[in-house]
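Residues per chain are reported as follows:
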Amino acid sequence: MLKIGLTGGIGSGKSTAADIFSSLGVTIIDADLIAHQLTLSGNECFSKIIHEFGNSFITSDGELDRKKMAETVFSDLSKKSALENILHPIVRQRILHEIALTPDSPYIVLSIPLLFESNFTDLVDRIIVIDADDDIRIRRTSQRDGRSEAQIQRIMDNQVDRQTRLEQANDILENNGELEDLRASIYNLHKKYLNMTS
Ligand code: ADP
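The rules behind these values
Residues numbered from 1 in each chain as written. Predicted model: local features only at pLDDT ≥ 70, side-chain atom pairs only at ≥ 80, totals over all residues. Heavy atoms only, no water. Buried < 20%, exposed > 50% of the residue type's maximum accessible area, 1.4 Å probe, protein only. Helix = DSSP H or I, 4+ residues; strand = E, 2+ residues; numbered from the N terminus. Pairing = 2+ DSSP bridges. Arc of directions from axis to C-beta. Near = heavy atom within 4 Å. Polar contact = N/O pair within 3.5 Å; in protein donor to acceptor, adjacent residues only side chain to side chain. Areas by Shrake-Rupley, 256 points an atom, 1.4 Å probe, with all protein chains shown as cover. Axes fitted to C-alpha atoms, helices over the stretch in contact; angles between N-to-C directions. Contact = heavy atoms within 4.5 Å. Core = buried A, V, L, I, M, F, W, Y, C linked by side-chain atoms within 4.5 Å.

1. So, the pairing of strand 3 (residues 107-111)
No. 1: With five of five residues buried, strand 3 lies mostly within the body of the structure.
No. 2: Covered by surrounding structure in strand 3 are Tyr107, Val109 and Ser111 together with Ile108 and Leu110, the residues of both alternating faces.
No. 3: Across five bridges, strand 1 (residues 2-7) lies against strand 3 in parallel orientation. Each bridged residue has a counterpart across the sheet, and for Ile4 the counterpart in strand 3 is Val109.

2. So, helix 3 (residues 44-53)
No. 1: Residues of helix 3 that are buried include every one of Cys45, Phe46, Ile49, Ile50 and Phe53, and no others. The buried residues of helix 3 occupy an angular sector of 130° when projected down its axis, which confines them to one face.
No. 2: Positive phi appears at Gly54, one or two residues downstream of helix 3, with a value of about 105°.

3. A look at the site of the ligand
No. 1: Within the structure, the ligand sits among 14 residues, and Lys14, Ser15, Thr16, Arg144 and Asn175 are positioned closest to it.
No. 2: Within the backbone of Ser12, one N or O atom sits 3.3 Å away from an oxygen atom of the ligand.
No. 3: One nitrogen or oxygen atom from the main chain of Gly177 is found 3.0 Å from a nitrogen atom belonging to the ligand.
No. 4: The protein chains hide 77% of the 560 Å² of surface that the ligand would expose on its own.
No. 5: Elements that contribute at least two residues to the shell around the ligand include exactly helix 1 (14-23) and helix 6 (134-145).
No. 6: Looking at the shell around the ligand, the element that brings in the most residues is helix 1, giving three residues.

4. Looking at the sheet that holds strand 1
No. 1: Across the sheet, which stays open at both edges, the five strands sit in the order 2-3-1-4-5 with parallel pairing between neighbours. Unpaired on one side and paired on the other, strand 2 (27-30) and strand 5 (171-174) mark the two borders of the sheet. Looking at each pair of strands side by side, their axes are set apart by 25° on average, direction ignored.
No. 2: In this structure, strand 2 lies alongside strand 3, joined through four bridges in parallel fashion. Residue pairing for strand 3: Ile28 is matched across the bridge by Val109.
No. 3: Each of strand 1, strand 2, strand 3, strand 4 (126-131) and strand 5 is contacted by helix 1, which is oriented at about 150° to strand 1, the strand it contacts most.
No. 4: The strands touched by helix 9 (residues 179-197) are strand 1, strand 3, strand 4 and strand 5; relative to strand 5, the strand with the most contacts, the crossing angle is about 165°.

5. Looking at the nonpolar core
No. 1: By size, the foremost hydrophobic cluster in this structure holds 33 residues, and its most contacted members are Ile49, Met69, Val91, Ile95 and Leu110.
No. 2: For this core, the elements supplying multiple residues, two or more each, are helix 2 (31-38), helix 3, helix 4 (66-75), helix 5 (77-101), strand 3 and strand 4.
No. 3: The biggest single contributor to this core is helix 5, with eight residues.
No. 4: Counting residues in hydrophobic clusters, the runner-up holds 17 residues, among them Val109, Ile128, Ile130 and Leu182.

Written out as structure tokens, the structure is:
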């Protein structure tokens, strides 16, 4: 089974692309979703994170204070490493587990936003990078979740730069246009992967 990594910076269209692959019947493994589930109260990473960062990172409803965590790790590299040291090995294990559980199919898509930053590239056979111009990514992200341009820019600054990402891509999905254009490009990739595996 061919394992395709799907990655791209914030607002490039990863979730949108994953949904389109999913509508074509392709199994998606979503690293962000896995990380989110693992950090819910009572789950594997939650207690480890609170042990490392302290009770002030628990919200009044008993969940991880994700906003405070984001602010902390983006302003202190040692805190960022501490969080990654907890999360990455367990997320990696869980991805491998989900791959093992996937029913046999020609290919699967692993949506991994921080594919390069987390050194997860060995988990996949090919890499799709989805890419759009910075101003388009900022506009779409702020429309999606109301973050300010400065907040989005800070997240972008903490991700690998566009050139590094594009250099490591086997396939590039350019997403500056309409959703229909993205759908058409994904359909072409889908046919290509089915051909590669038949
Ligand atoms: P990511 O998962 O990479 O952060 P998303 O897939 O959530 O990005 O896309 C960011 C926002 O832009 C979403 O609200 C999505 O619906 C929208 N979007 C993505 N691609 C397009 C497009 N081609 N045209 C218009 N809106 C788009």
